[in-house]
Amino acid sequence: MSNRGLAIVSWLIILGMLFLVTRSSRKLLLGSLHTLADLLFQPAFRLILCYQIIILSVLSWIIIQNCLSWWILKDYLLVFLTSIVTFLGTSRLTNFWNALSSSFGFGEFFKFILGNYTFSYWIEMLLVFFFTVFVFVTVAIQYSGKHEYRELNKVSNNLTMLIGFLLIILFSWQLIAKWQLELHLVYWINFFIAPVTWTVNLPLIILTIPLFEYDNIDQLCVFKVTSRNLIEQVLVFLVMRIKFNRLRFQKLENNIIETHQGGVLNRRMIIILCDETSADKAKKIEMYYKLMFAGGSVYKKNKKVIPIRVECRKESNRELLIPPYECSQLKEEYKMKNF
């Protein structure tokens, strides 16, 4: 671990010890651990944990076979916890490709160079403390909204630009001075950790949307869900999306007058169709919503959901055009009768 990493860990240990001094802080920590333990009993989180154990096992085998540093596991977990975890649940495949490409960008390259050249341990301790305080003060100034802080905000921005410029000069010089070290592939391993982390977690990102959707739906069903049940539901959903992918290109939106979303967890969709819509096309539109092909703008807060009930109704009299779809094995209190 670099001196900067040691300095950050040292400050975290100091803050952790100060945090545990008061009784209320200890109770808060115990409550957080209890919440985390409850999450681990949820099928969706168990599947994510199993996937990460597999990835870490493969990485460990690669490290042993190639005599690499075990700190690679630390860097992988750091990227996973700070980037991938926040990405899960709100992810879309297009966002994934943007995140993957940005992991090769100048910002990541500069962070890599910045991480490779450090000062002595005590200087790093001072720098970590200074930059942490500086960032907190800058954020507080920007979000305070007070007029008298406007000039102070300008000074803070100029100082940030100056520090960044000096760091670029310093580390560019270090980059040139140690060019022989940079010719070795081992030197660049850490640079590829972020894109590799995003890539190996692509299956997890693809599975996450239906995974959490069905995890929520299964709470409304009469049976007790297991990890196996959950993964079966997700795989069937993905296979159905592939099978009916052609629906995305049939311009079904032209038959839709309006949509309404409500019910339990906003999972009831009422789709008003023009009177000329055939029963066959209504069935396709029902499948279109069941498989989440509809654009995000038709959902509340642009958040797509897998519905537990879909009703296709005529525009003129609001009568059902086809029998409604309803998720099977719902608990009695969650079943919705026809109107």
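All figures in this text were calculated on a predicted structure; none of them were measured in a lab. (Residues numbered from 1 in each chain as written. Predicted model: local features only at pLDDT ≥ 70, side-chain atom pairs only at ≥ 80, totals over all residues. Heavy atoms only, no water.)

### As for a nonpolar patch on the surface
Line of reasoning, step 1. Judged by side-chain polarity, Phe19, Leu20, Leu28, Leu29, Leu30, Leu33, Leu36, Leu39, Leu40, Leu49 and Ile53 come together as a nonpolar surface patch covering roughly 960 Å² of accessible area.
Line of reasoning, step 2. Those elements that provide at least two residues to the nonpolar patch are helix H2 (23-40) and helix H3 (43-66).
Line of reasoning, step 3. Among the elements that line the nonpolar patch, the one with the most residues is H2, at 7 residues.
Line of reasoning, step 4. In this structure, Leu20 sits in the loop between helix H1 (3-19) and H2.
Line of reasoning, step 5. Its relative accessible area of 37% is what places Leu20 among the partly exposed residues. (Patch = residues over 30% accessible without salt bridge, like charges linked within 9 Å, V, L, I, M, F, W, Y side chains within 5 Å. Areas by Shrake-Rupley, 256 points an atom, 1.4 Å probe, with all protein chains shown as cover. Salt bridge = Lys/Arg side-chain N within 4 Å of Asp/Glu carboxyl O. Helix = DSSP H or I, 4+ residues; strand = E, 2+ residues; numbered from the N terminus. Buried < 20%, exposed > 50% of the residue type's maximum accessible area, 1.4 Å probe, protein only.)

### What to know about the packing of H3 against helix H11 (residues 227-243)
To characterise two packed helices, one gives the angle between the axes of the helices and the distance between these axes.
Line of reasoning, step 1. Taken N-terminus to C-terminus, the directions of H3 and H11 make an angle of 85°; their axes are 9 Å apart at the nearest point. As far as their axial angle goes, H11 and H3 are roughly perpendicular. Contacts from Pro43, Ala44, Arg46 and Leu47 of H3 reach H11 at Ser227, Leu230 and Ile231.
Line of reasoning, step 2. Taken together, the residues of the contact of H3 with H11 sort by class into 5 nonpolar, 1 polar and 1 charged. (Axes fitted to C-alpha atoms, helices over the stretch in contact; angles between N-to-C directions. Parallel < 35°, antiparallel > 145°, perpendicular 65-115°, else oblique. Contact = heavy atoms within 4.5 Å. Nonpolar A, V, L, I, M, F, W, Y, C, P; charged D, E, K, R; others polar.)

### Quick word on the sheet that holds strand S1 (residues 256-262)
Line of reasoning, step 1. In space, the 4 strands of this open sheet follow the order S1-S2-S3-S4, with mixed pairing throughout. At either margin of the open sheet sits one strand with a lone partner, and together these are S1 and strand S4 (325-326).
Line of reasoning, step 2. As judged from the 6 bridges shared by strand S2 (residues 268-273) and strand S3 (residues 309-314), these two strands associate in the parallel manner. Within the sheet, the bridge partner assigned to Ile270 lies in S3 and is Glu311.
Line of reasoning, step 3. Along the sheet, helix H12 (residues 279-290) contacts S1, S2, S3 and S4; its crossing angle with S2, the most-contacted strand, is approximately 145°. (Pairing = 2+ DSSP bridges.)

### Digging into the pairing of S3
Line of reasoning, step 1. Across the 6 residues of S3, 5 count as buried, placing the element largely inside the fold.
Line of reasoning, step 2. In this fold, S2 hands off to H12, which returns the chain to S3; that crossover is right-handed.
Line of reasoning, step 3. Pairing of S3 with S4, which is carried by 2 bridges, proceeds in the antiparallel orientation. What sits directly across from Val310, in S4, is Tyr325. (Right-handed = clockwise from strand over helix to strand, strands pointing away.)

### Some words on H3
Line of reasoning, step 1. The end-to-end C-alpha distance of H3, which contains 24 residues, comes to 35 Å, matching closely the 34 Å that a straight helix rising 1.5 Å per residue would cover.
Line of reasoning, step 2. Pro43, Ala44, Ile48, Gln52, Ile55, Leu59, Ser60 and Ile63 are the residues of H3 that are buried.
Line of reasoning, step 3. Packed against the buried residues of H3 are helix H4 (71-87), helix H9 (193-200), helix H10 (202-217) and H11.
Line of reasoning, step 4. Looking at the residues trailing H3, positive phi occurs at Cys67, about 55°. (Expected span 1.5 Å × (residues − 1).)

### Comments concerning the pairing of S2
Line of reasoning, step 1. The element S2 is extensively covered by neighbouring structure, given that 6 of its 6 residues are classed as buried.
Line of reasoning, step 2. Judged by which residues are buried, S2 turns out to be covered on both faces: Arg268, Ile270 and Ile272 on one side and Met269, Ile271 and Leu273 on the other are all buried.
Line of reasoning, step 3. Across 6 bridges, the pairing between S1 and S2 is antiparallel. Counterpart to Ile256 in the pairing with S2 is Leu273.
Line of reasoning, step 4. Here S1 hands over to S2 after 5 residues, with Gly263 in that stretch at a positive phi of 75°.

### A short note on the packing of aromatic side chains
Line of reasoning, step 1. Counted under the stated rule, the structure contains 7 aromatic pairs.
Line of reasoning, step 2. Between Phe45 and Phe212 the ring centres are 5.8 Å apart and the planes differ by 65°, which places this aromatic pair in the edge-to-face class. In this pair, Phe45 sits in helix H3 while Phe212 sits in helix H10, placing the two residues 167 residues apart along the sequence.
Line of reasoning, step 3. On the numbers, 6.0 Å between centres and 75° between planes, the contact of Tyr214 with Phe237 is edge-to-face. Within this pair, whereas Tyr214 is found in helix H10, its partner Phe237 is found in helix H11, the two being separated by 23 residues in sequence. Of the two residues examined, Tyr214 and Phe237, each falls in the buried class. (Phe/Tyr/Trp six-rings, centres within 6.5 Å; stacked < 30°, edge-to-face > 60°.)

### Observations concerning the nonpolar core
Line of reasoning, step 1. One finds Ile271, Leu273 and Tyr289 to be the most contacted residues of the largest nonpolar core, which totals 54 residues.
Line of reasoning, step 2. Residue assignment for this core shows that the elements contributing at least two residues are H3, H4, H9, H10, H11, S2, H12 and S3.
Line of reasoning, step 3. When residues of this core are assigned to their parent elements, the largest contribution, 7 residues, is made by H4. (Core = buried A, V, L, I, M, F, W, Y, C linked by side-chain atoms within 4.5 Å.)

### Section: the environment of Tyr334
Line of reasoning, step 1. Along the chain, the position of Tyr334 falls in the segment after S4.
Line of reasoning, step 2. Classification of Tyr334 by relative accessible area gives partly exposed; the value is 23%.
Line of reasoning, step 3. Taking C-alpha positions, Tyr334 is 7.2 Å from Val264, a pair spaced 70 residues apart along the chain.
Line of reasoning, step 4. If near-sequence neighbours (up to four positions away) are discounted, Tyr334 is found in contact with Leu220 and Val264.

### Examining the side chain of Gln261
Line of reasoning, step 1. Looking at the element boundaries, Gln261 is found in strand S1.
Line of reasoning, step 2. You can call Gln261 buried: its relative accessible area is 12%.
Line of reasoning, step 3. There is a polar contact of 2.8 Å between the side chain of Gln261 and the backbone oxygen of Asn266.
Line of reasoning, step 4. A distance of 2.8 Å separates the side chain of Gln261 from the backbone nitrogen of Lys300, its partner in a polar contact.
Line of reasoning, step 5. Discounting chain neighbours no more than four positions away, the residues touching Gln261 are Asn266, Arg268, Met269, Val298, Tyr299, Lys300 and Val305. (Polar contact = N/O pair within 3.5 Å; in protein donor to acceptor, adjacent residues only side chain to side chain.)

Coordinates in, geometry out; function isn't part of it.
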